[in-house]
Amino acid sequence: MKRPVQIKVCGLTREEDVELALSLGADYCGFIVYPKSPRGLSLERAAELAARVPEGKRVLVDVETGSEELARARGAGFDFFQIHTGLQLGLATLATWSGLVGKERLWLAPRVPPEEAFPEATLSFADTILVDTFKKDQFGGTGQTGDWARFAQLQEAHPETHWILAGGLSPANVLEAVVQTGARHLDLNSGIEGAPGVKDHDKLRQVFGILRP
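Residues numbered from 1 in each chain as written. Predicted model: local features only at pLDDT ≥ 70, side-chain atom pairs only at ≥ 80, totals over all residues. Heavy atoms only, no water.

Peer 1: What is the right way to look at the pairing of strand 8 (residues 185-188) in this model?
Peer 2: In the case of a regular strand, side chains alternate between the two sheet surfaces. Going residue by residue along strand 8, you find His185 and Asp187 tucked away on one face and Leu186 and Leu188 tucked away on the opposite face as well. Relative to strand 8, strand 1 (residues 6-9) runs parallel, the two sharing 4 bridges. Opposite Ile7, over in strand 8, you have Leu186 as the bridge partner. (Buried < 20%, exposed > 50% of the residue type's maximum accessible area, 1.4 Å probe, protein only. Helix = DSSP H or I, 4+ residues; strand = E, 2+ residues; numbered from the N terminus. Pairing = 2+ DSSP bridges.)

Peer 1: What is the right way to look at the pairing of strand 5 (residues 106-110) in this model?
Peer 2: Strand 5 sits mainly inside the fold: 5 of its 5 residues count as buried. Burial along strand 5 is two-sided: the face carrying Leu106, Leu108 and Pro110 and the face carrying Trp107 and Ala109 are both buried. A crossover links strand 4 (residues 80-85) with its parallel partner strand 5, the connecting element being helix 4 (residues 91-101), and its sense is right-handed. (Right-handed = clockwise from strand over helix to strand, strands pointing away.)

Peer 1: Help me understand the pattern of salt bridges in this model?
Peer 2: Note that side chains of opposite charge can pair when their charged atoms are close. Summed over the entire model, instances satisfying the criterion amount to 12 salt bridges. With a shortest N-O distance of 2.7 Å, Glu193 and Lys199 are connected by a salt bridge. A salt bridge links Arg205 to Asp202, with the nearest nitrogen and oxygen atoms 4.0 Å apart. Of this pair, Arg205 and Asp202 both sit in helix 7 (residues 201-211), separated by 3 residues, roughly a single helical turn. (Salt bridge = Lys/Arg side-chain N within 4 Å of Asp/Glu carboxyl O.)

Peer 1: How should I be thinking about the environment of Phe208 in this particular structure?
Peer 2: The topology assignment puts Phe208 in helix 7. Phe208 sits in the buried class, given a relative accessible area of 3%. Sequence separation of Phe208 and Ala26 is 182 residues, and the distance between their C-alpha atoms is 8.6 Å. In this structure, Phe208 is in contact with Ile7, Val9, Ala21, Leu24, Gly25, Ala26 and Pro213, ignoring residues within four places of it in sequence. (Contact = heavy atoms within 4.5 Å.)

Peer 1: Quick question: what am I supposed to make of helix 5 (residues 148-157) here?
Peer 2: Owing to its 3.6 residues per turn, the α-helix aligns residues three or four sequence positions apart on the same side. Listed as buried for helix 5 are Trp148, Arg150, Phe151, Leu154 and Gln155. Along helix 5, the residues classed as buried sweep out an arc of 160° about the axis, all on the same side. What points out from helix 5, more than 90 degrees from its buried face, is the exposed set Gln153, Glu156 and Ala157. Where helix 5 is buried, its residues touch strand 6 (128-131), strand 7 (162-165) and helix 6 (174-181). (Arc of directions from axis to C-beta.)

Peer 1: Sorry, what's going on with the nonpolar core here?
Peer 2: The nonpolar side chains of a soluble globular protein tend to be buried, and buried together. In this structure, Val9, Phe31, Phe78 and Leu186 are the most contacted members of the largest nonpolar core, which totals 54 residues. The element best represented in this core is helix 2 (residues 43-50), accounting for 5 residues. The residues touching Phe31, leaving out its near neighbours within four places in the chain, are Leu12, Val18, Leu41, Ala46, Leu49, Ala50, Val53, Val59, Leu60, Val61 and Phe78. Listed in part, the 11 residues of the second largest apolar core include Tyr28, Val61, Phe80 and Ala109. (Core = buried A, V, L, I, M, F, W, Y, C linked by side-chain atoms within 4.5 Å.)

Peer 1: I would appreciate a short explanation of the packing of helix 6 against helix 7 in the present structure.
Peer 2: Remark: helix 6 packs on helix 7, axes separated minimally by 9 Å, with the N-to-C direction vectors making an angle of 40°. It follows that helix 6 is oblique to helix 7 by the angle criterion. Residue-level inspection shows Val174, Leu175 and Val178 of helix 6 in contact with helix 7, the latter providing Val207, Ile210 and Leu211. Class assignment of the residues belonging to the contact of helix 6 with helix 7 gives a composition of 6 nonpolar, no polar and no charged. (Axes fitted to C-alpha atoms, helices over the stretch in contact; angles between N-to-C directions. Parallel < 35°, antiparallel > 145°, perpendicular 65-115°, else oblique. Nonpolar A, V, L, I, M, F, W, Y, C, P; charged D, E, K, R; others polar.)

Peer 1: I would appreciate a short explanation of the side chain of Lys8 in the present structure.
Peer 2: Note that Lys8 resides in strand 1. A polar atom in the side chain of Lys8 sits 2.3 Å from the side chain of Asp187. Sequence-distant contacts of Lys8, that is, excluding residues within four places in its chain, are made with Tyr28, Gly30, Val59, Val61, Gln82, Trp107, Leu186, Asp187 and Leu188. (Polar contact = N/O pair within 3.5 Å; in protein donor to acceptor, adjacent residues only side chain to side chain.)

So, to be careful, I would describe these as geometric facts and stop short of saying anything about function.
This is the structure:
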């Protein structure tokens, strides 16, 4: 039997949204602590919400986290650490993150312009790579779909890595996204919202109805 697509609901800020996501069968719940995000929470608030989520499903999301901040977050009850990063930081920083939380718990989201080759060296530091839509002045949460063909090529070329497709996924396009990319892991955020950080419960139910009929 084909395994169902794994679903992460990200940008959660409210108890009722966490509860609905879990009741629908979300595999992961993501909590953003990047201060510039419209869905950004304090680490304390993120940990409070994550405490409602079963162990193994709690994902902390940040941008270019400092080593001290990551060490602090590591002790706050999260299972995985999704870090969005530009390519300018270098491999030494990725190695530090991987060493702090472990390759199996680090989810990297490299910010790669479409004209540049994907930095395959990043695969040495994380078992999971999230591919989001590139926008020059924004890390994630763009609400726009990305390069699905590139995602499919990366997933085929590196099947040992867990690839997560993100970027503007909604009830209107999620089935097409899976068909075109063969994605086995999806990240849902802006495409299932009524406002930033406020999930639209009807859209959330629709997506799960499509992916888990």
